[in-house]
Amino acid sequence: DVQLQASGGGLVQAGGSLRLSCAASGFTFDGYDIAWFRQAPGMEREGVSCLSSRDGRTRSADSVKGRFTISTNNAKNTVYLQMNSLKPEDTAVYYCAADLGPFPWESWSSYDYWGQGTEVTVSS
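Position numbers for residues count from 1 along each chain, tracking the sequence in the order it is written. Per-residue local features of the predicted model are confined to residues with pLDDT of at least 70, and side-chain atom pairs are confined, for both listing and counting, to 80 or more; whole-chain, interface and lining totals are unaffected and use all residues. Excluded from the side-chain calculation are hydrogens and water; included are all heavy atoms of the structure.

**Student:** Where do I start with the pattern of salt bridges in this structure?
**Tutor:** A side chain with one charge may pair with a side chain of the opposite charge, provided their charged atoms come close. In the sections that follow, a salt bridge refers to a side-chain nitrogen of Lys or Arg positioned within 4 Å of a carboxyl oxygen of Asp or Glu. Following the criterion strictly, the structure yields six salt bridges and no others. For arginine 54, the salt bridge goes to aspartate 33, with nearest N and O atoms at 2.7 Å. With arginine 54 in the loop between strand S5 (46–52) and strand S6 (58–60) and aspartate 33 in strand S4 (residues 33–39), the pair connects residues that are 21 residues apart, well separated along the chain. Judged by its relative accessible area of 43%, arginine 54 is partly exposed. The secondary structure listing takes helices from DSSP runs of H or I that are at least 4 residues long and strands from runs of E that are at least 2 residues long, numbered from the N terminus. Three exposure classes are used, based on accessible area relative to the maximum for each residue type with a 1.4 Å probe and protein chains only: buried under 20%, partly exposed in between, and exposed over 50%.

Structure follows, in structure tokens:
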């Protein structure tokens with residue numbers, strides 16, 4: 001049974017940092033694209049960052065480049081999103097997702113596997 005378990009969200013002041021985790025069970029990341037998405041109230045789900053285990057490349061939305069970093073610990077079958085210099089506009093529910101791909105990484109509807117979401121609130 002494939003599962004993704006996201007955690008690490010919380011309340012932080014602007015300028016602060018959080019690290020989100022997404023633990024996978026029932027499969028390994030080999031061959032998968034693993035991505036973080038976020039959705040703010042009343043907004044569409046948007047891609048934050050993606051790591052492809054097929055070519056090792058990472059991709060990020062322009063809004064988070066230089067501030068967010070995606071990484072994996074294959075031994076723990078866990079993907080992380082390190083978020084630094086957080087801004088109030090980063091407030092959203094963050095989801096991790098995985099799929100074999102290939103497709104444009106921001107195409108959230110193409111991902112088969114999703115975590116349950118973890119809420120991030122950045123206060124000004």
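**Student:** Before we go on, may I ask you to explain the environment of aspartate 1 in this structure?
**Tutor:** The residue aspartate 1 is located in the segment before strand S1 (3–7) in this model. By relative accessible area, aspartate 1 is classed as exposed at 78%. Sequence-wise, aspartate 1 and lysine 87 are 86 residues apart; in three dimensions their C-alpha atoms are separated by 36 Å. By definition, residues are in contact when any of their heavy atoms lie within 4.5 Å. Here aspartate 1 is in contact with Ser25 and Gly26, once residues within four sequence places are set aside.

**Student:** I keep staring at unusual backbone geometry and nothing clicks. Help me out?
**Tutor:** For residues that are not glycine, phi is negative in most cases, and the peptide bond is trans in most cases. Note the cis peptide between glycine 101 and proline 102, where omega equals -10 degrees. As for its placement among the helices and strands, proline 102 is situated in the loop between strand S9 (92–99) and strand S10 (113–114). Residue asparagine 77 is not a glycine yet carries a positive backbone phi of 50 degrees. Its location among the elements puts asparagine 77 in the loop between strand S7 (68–73) and strand S8 (78–83). Residue asparagine 77 is classed as buried on the basis of its relative accessible area of 13%. The backbone of serine 85 shows a phi angle near 50 degrees, a positive value even though the residue is not glycine.

**Student:** Whenever I open this one, the side chain of threonine 78 confuses me. Can you help?
**Tutor:** The residue threonine 78 is located in strand S8 in this model. By the criterion applied in these results, polar contacts are pairs of N or O atoms within 3.5 Å in which, for protein atoms, one can donate a hydrogen and the other can accept it, and in which residues neighboring in sequence qualify only through two side-chain atoms. A distance of 2.9 Å separates a polar side-chain atom of threonine 78 from the backbone oxygen of lysine 76.

**Student:** Explain the environment of leucine 86 here, please?
**Tutor:** Mapping leucine 86 onto the fold places it in the loop between S8 and S9. Judged by relative accessible area, leucine 86 falls into the buried class, the value being 2%. Spatially, the C-alpha atom of leucine 86 lies 7.7 Å from that of arginine 67, the residues being 19 residues apart in sequence. Every residue in contact with leucine 86, bar those within four places of it in the chain, is listed here: Val12, Ala14, Gly15, Gly16, Ser17, Leu18, Arg67, Phe68 and Val122.

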